[in-house]
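Survey of secondary and tertiary structure
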Amino acid sequence: MSAERRLKAERIRHLLETERDAIRENTTHMNRQRYDAIERFERYEASREAARAIKEDAIERLPELIDRVRESVEANGGTVYVAEDAADANRYITEVTAEKGAETLVKSKSMTSEELEVNEALETAGVDVYETDLGEFVIQVAGEAPSHLVGPSLHKSTAAIAELFNAHFEPDEPLETAEELTNFARDYLLEYIVEADVGMTGANFVLADSGTVVLVTNEGNARKSAVTPDTHVAVAGVEKILPSIDDLAPFTELIGRAATGQEFPQYLTMLSPPVDSPPLDFESDVPLSEAEGDRDFHLVLVDNGRMEMREDPQLRETLYCIRCGACANTCANFQHVGGHAFGGETYTGGIATGWEAGVHGLDSAAEFNDLCTGCSRCVNACPVKIDIPWINTVVRDRINRGEDAELDWLVEGLTPDAEPGGMDLGKRFFGNFGTVARLGSATAPLSNWVANAGPARALAERVLGIDRRRDLPRFERQTLRAWFDARGGAAVPAGDADREAVLYADPYTDHVQVDRGKAAVRVLEALGVHVRIPEVPESGRAPLSQGMVATAGERASEVYRSLVEHVDAGRDVVVIEPSDLAMFRQEYEKFLPEASFERLGEASYEVMEYVYGLLGEGADAGELADGRGEAVAYHSHCQQRTLGLDAYTEAVLDDLGFDVVTSSVECCGMAGSFGYKSEYYELSMDVGGDLQSEFAAHPDREIVASGTSCIEQLDALFDDGTRHPVELLDPGR
Amino acid sequence: MTAQPRTEFEASLQRQGSSWTRTTTEGFADAVADAVVEPAVATDLSEWGLDFGDAPVTVDPTPAELLEATTGVAGVTTGIASYGTLAIPSDAKGTEPVSLYPERHVAVVRESDVVADVQAGLDRVAEEFDAEPGSVVFATGASSTGDMGALVSGVHGPKQVHVVVVEDR
């Protein structure tokens, strides 16, 4: 293993040991709450559509809206400063505190202020800063960075916080429970809130027409920080601006649900400062209504790369992010390592790649970008419909293109791609899996012996980063297409068939998991379908997952060219591998003309979805194998779930008399090539542990799974082999 | 509170763990007396025609009295039925700090100010903002945090919320 990979593996191992348990409990809890809350919220899709449209419009009109905010805030009696970068913002803020002669500043939670590292700037200027959000307070006492957008101290258990507080504050009675810790922190911070000279908050939204800062909190600390001292400084990225209060409603109902599964935030604060509320001087004996004192308000709008992100067609939608953290909570890798691995200088989780690339640069994004496996579970979770996996892919592509060239010759012959020299060789190897598989079958079984032999595994680990603890795919000497030709092609002639289908022989089905391909052919034919298996290139999924966008685009065009005449001839395209179907139905939108994308997408079906449709049209289920109550445990594929296709497999198995339980985990942890990579092997197995413990509760059930990688992972976790569900239906089984 | 909710607003209050009493202008002082835990402070509600009478509350407290109080009684300008949300104005008489600092918030709402949903609540705020941008907090239930590893009620804001619904206002 290279030194770099070993360091990364060690860092991940350390986090699995120290932070995994707390992160996993907290994120999976919030994730479950989110699912429940969204299921009860009928307007979810309509609200997402509305929120997305409002953000698109606001970012489009951003320069004009910034001017409008300035006018409104100034009309209210406040000041607006647009800061070019972090240093500029910090200079302005420290000048404001110096002018006030401020000694103490209390802060509510703000990721933008973390991005600025304003606390350090203020401390250097001699101002004591107190974080009043309890999660931020814990982090401040511990001297750590936030591990989550919403829950900065999510990686710490109650016991760990108690240990920290008892050592740091030495209370008379040692603190133990969450309630004791909360009460202690509240009382401790209250002393600083009442004496503070300046209150600083972030802003979840800024309303241009009225100059209003909108804050979403549960603790009440932002309310106290904003209205207790007479000076209020609000810090917000320029992207937080919405045109007016009329645009606010969908966000108020989405943000709490997406973040923690709350139907509505505890406190939705709308301040158009300076506020009328009396400043609180706790030494004064004047009643509140007669309190005097001038309030002062400064809104610091931070650019720091955002206006450039706005001009970048790929990073632009990052600016729609409302920082709810749902993409982190729904991410299997995040659930296991948290934001201290899955995050950059400031931001954490799936969307962090966009933020870090835009705000801190590619180097920061490169630190953790690989942890996005493209499983797409965050796509439906995002309340503003950001295509987060796509942003991760694009940034990966940019990182690939930025690396220095070395050892290229080793994979050059294997890699007919459109990528530049110099990108990570392991990525290039996996990105060209179609070619690797073709060579593997052509030389099997020799290729399998060589590949698994010690010296080859050592070389593969050193050069390509393929962990030697993983079993490599075993290439079959006879490919699916060769088998099909050898049996004389289609068993159901076109003239006798109700439908004609093209079975897409992806590289795995064609070269490795050939049995599932054979089963699919027999199942379709049993249902009266004329089947063809033409030669079609790899879908582009493999290069795309490595960030090889140009290569994936070329594959998309080639696949389309190979399939379009079949589509025109009225043939259906049947796909076994869910990640390839997801290419046809989702990612090809980025690569093909709209009409082509729609034509192929509409003609394509996941194999069990297709069987479901055939049975629905009256095909005779009696031609398929009868389940006879056979007990199976089914693991659907992550991208299949995102497309809502897992239900078809369950329904078909159920109809045919199988007794099915389905896994609830977000992802098996393998995720294509991810689990092969030596630096991520242990994380991959740790994530797989969730699936393992779910299915271990059903020892008498046969395990079936839809995805190639899921099958490989399950084969590593359980002794009995895992099959594709279509193999259960195979009349020839 | 054992009363059964009679309205969607009350059902929402029950769901979030808040309590409520219904009263009239005439019974207002008694309702407040029953609802507060002393020491209690309040903001003046005479502009709504509501008088605290003999209720044990300090109306228009000093900041020090506010800090010592266990209960803060203050009027809210809108109630939102769907979530049991209360609109707390950031006004010059101190409705915001009186609703925020004490452990128990007794919120007074005129029943005619209860609207159906968030959109209707925001529309009322939007109308005010059209005249002059102001400040308001939509508060839903007690303050809470999960940051110490388990859900705890009563952090920087109140631990308990009790709503006095004035039926004839």
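Please read all numbers here as calculations on a predicted model, not as lab measurements. (Residues numbered from 1 in each chain as written. Chains lettered and ligands numbered in written order. Predicted model: local features only at pLDDT ≥ 70, side-chain atom pairs only at ≥ 80, totals over all residues. Heavy atoms only, no water.)

**A look at the overall build of chain A**
Secondary structure summary: chain A contains 37 helices and 17 strands in total. In terms of C-alpha radius of gyration, chain A reaches 28 Å, essentially the compact-globule figure of 27 Å for 733 residues. Across its three principal axes, chain A shows a C-alpha extent of roughly 95 × 50 × 50 Å. Of the contacts formed within chain A by residues at least 6 apart in sequence, a portion of 76% connects residues at least 24 apart. In the form shown here, chain A has an accessible surface area of approximately 26,800 Å², with 45% of it arising from carbon and sulfur atoms. Distance between charge centroids for chain A: 6 Å, based on 67 positive and 133 negative side chains. (Helix = DSSP H or I, 4+ residues; strand = E, 2+ residues; numbered from the N terminus. Rg over C-alpha atoms; globule rule 2.2 N^0.38 Å. Contact = heavy atoms within 4.5 Å. Areas by Shrake-Rupley, 256 points an atom, 1.4 Å probe, with all protein chains shown as cover. Lys, Arg positive; Asp, Glu negative; His and termini not counted. Charge placed at Lys NZ, Arg CZ, Asp CG, Glu CD.)

**Quick look at the overall build of chain B**
When you go through chain B residue by residue, the secondary structure sums to 5 helices and 12 strands. Over its C-alpha atoms chain B spans a radius of gyration of 15 Å, differing by no more than 12% from the 15 Å that the globule rule assigns to 169 residues. Across its three principal directions, the C-alpha atoms of chain B cover 45 × 35 × 35 Å. Burial status across chain B gives 57% buried among its 169 residues. (Buried < 20%, exposed > 50% of the residue type's maximum accessible area, 1.4 Å probe, protein only.)

**Some points on the sheet that holds strand β2 (residues 40–42) of chain B**
Residue and element names in this part refer to chain B. An order of β1-β12-β7-β4-β2-β3 is seen for the 6 strands of this open sheet, with the pairing classed as parallel. The two strands at the open ends of the sheet, each matched to only one other strand, are β1 (19–23) and β3 (58–59). Pairing of β2 with strand β4 (residues 71–75), which is carried by 3 bridges, proceeds in the parallel orientation. What sits directly across from Ala40, in β4, is Thr71. The strands that helix α1 (residues 8–16) touches are β1, β7 (104–110) and β12 (160–166); relative to β1, the one it contacts most, it runs at about 150°. Contacting β1, β4, β7 and β12, helix α2 (residues 28–35) runs over the sheet at an angle of about 170° to β12. (Pairing = 2+ DSSP bridges. Axes fitted to C-alpha atoms, helices over the stretch in contact; angles between N-to-C directions.)

**As for the interface of chain A and chain B**
By convention, interface size is frequently given as the accessible area that disappears when the constituent parts associate. Tallying the contact residues gives 62 residues for chain A and 53 residues for chain B. Counting each side, the surface lost to burial between chain A and chain B is near 4,700 Å², with a carbon and sulfur contribution of 60%. Across the salt bridge formed by B:Lys159 and A:Glu179, the nearest N and O atoms sit 3.2 Å from each other. In this structure, the connection of chain A to chain B is made through 28 residue pairs in polar contact (both at pLDDT 80 or more). Contributions of two or more residues to the side of chain A that touches chain B are made by α8 (134–142), α9 (158–169), α10 (178–195), α11 (221–227), α12 (249–260) and β9 (267–271) of chain A. Of all the elements, α10(A) adds the most residues to the side of chain A that touches chain B, at 11 residues. In terms of residue class, the side of chain A that touches chain B is made up of 28 nonpolar, 20 polar and 14 charged. In this structure, β9(A) lies alongside strand β9 (residues 136–139) of chain B, joined through 4 bridges in antiparallel fashion. The residue of β9(B) that forms the bridge with A:Tyr267 is B:Ala139. (Buried area = accessible area lost by both parts, 1.4 Å probe. Salt bridge = Lys/Arg side-chain N within 4 Å of Asp/Glu carboxyl O. Polar contact = N/O pair within 3.5 Å; in protein donor to acceptor, adjacent residues only side chain to side chain. Nonpolar A, V, L, I, M, F, W, Y, C, P; charged D, E, K, R; others polar.)

**Let's talk about helix α22 (residues 433–442) of chain A**
Of all 10 residues that make up α22(A), 7 are buried, and the element is covered over most of its length. Among the residues of α22(A), A:Phe433, A:Gly434, A:Thr435, A:Val436, A:Ala437, A:Gly440 and A:Ser441 are the ones counted as buried.

**Focus on the confidence of the model for chain A**
Summarising the model, chain A shows a mean pLDDT of 94, and 97% of its residues fall at 70 or more. Note on residues 403–410 of chain A: pLDDT under 50 across the span, and 14 contacts to partners over four residues away in sequence or across chains. (pLDDT = per-residue confidence, 0-100.)

**A look at the side chain of A:Ser210**
With respect to the helices and strands, the residue A:Ser210 is situated in the loop between β5 (205–207) and β6 (212–217). Since its relative accessible area comes to 6%, A:Ser210 is described here as buried. Here the side chain of A:Ser210 touches A:Thr212 through a polar contact of 2.6 Å, side chain to side chain. Sequence-distant contacts of A:Ser210, defined by excluding residues within four places in its chain, comprise A:Ser72, A:Asn76, A:Ser272, B:Phe129 and B:Pro133.

**Some words on the environment of A:Ala142**
Residues and elements named next belong to chain A. Topologically, Ala142 is positioned in helix α8. In this structure Ala142 comes out as partly exposed when scored by relative accessible area, which is 23%. As a C-alpha pair, Ala142 and Ser153 span 11 residues in sequence and 9.7 Å in three-dimensional space. What Ala142 contacts, discounting residues up to four positions off in sequence, is Lys156 and Leu164.

**Things to note about helix α30 (residues 578–591) of chain A**
Since the α-helix turns once every 3.6 residues, residues separated by three or four places project in the same direction. An ideal rise of 1.5 Å per residue puts 20 Å on 14 residues; α30(A) measures up with 19 Å between its terminal C-alpha atoms. All of the buried residues along α30(A) are A:Pro578, A:Ser579, A:Asp580, A:Leu581, A:Ala582, A:Met583, A:Phe584, A:Glu587, A:Tyr588 and A:Phe591. (Expected span 1.5 Å × (residues − 1).)

**So, the packing of aromatic side chains**
Here the structure, examined in full by the defined rule, presents 28 aromatic pairs over all chains. Ring plane angle 15° and centroid distance 3.8 Å describe the contact between A:Tyr130 and A:Tyr192, whose orientation is recorded as stacked. Here A:Tyr130 is found in strand β3 (residues 128–131), whereas its partner A:Tyr192 is found in helix α10, with 62 residues between them in sequence. By the burial criterion, A:Tyr130 is buried, and A:Tyr192 matches it. An angle of 50° between the planes, with centres 5.5 Å apart, marks the rings of B:Phe28 and B:Phe52 as tilted. Of this pair, B:Phe28 sits in helix α2 while B:Phe52 sits in the loop between β2 and β3, and the two are 24 residues apart along the sequence. When sorted by exposure, B:Phe28 lands in the same class as B:Phe52, which is buried. (Phe/Tyr/Trp six-rings, centres within 6.5 Å; stacked < 30°, edge-to-face > 60°.)

**Side note on the environment of B:Ile88**
One can find B:Ile88 in strand β6 (residues 85–89). For B:Ile88, a relative accessible area of 1% gives the class buried. For B:Ile88, the contacting residues outside a window of four places in its chain are A:Arg223, B:Val76, B:Thr95, B:Glu96, B:Ser99, B:His105, B:Ser135, B:Val136, B:Val137 and B:Ala139.

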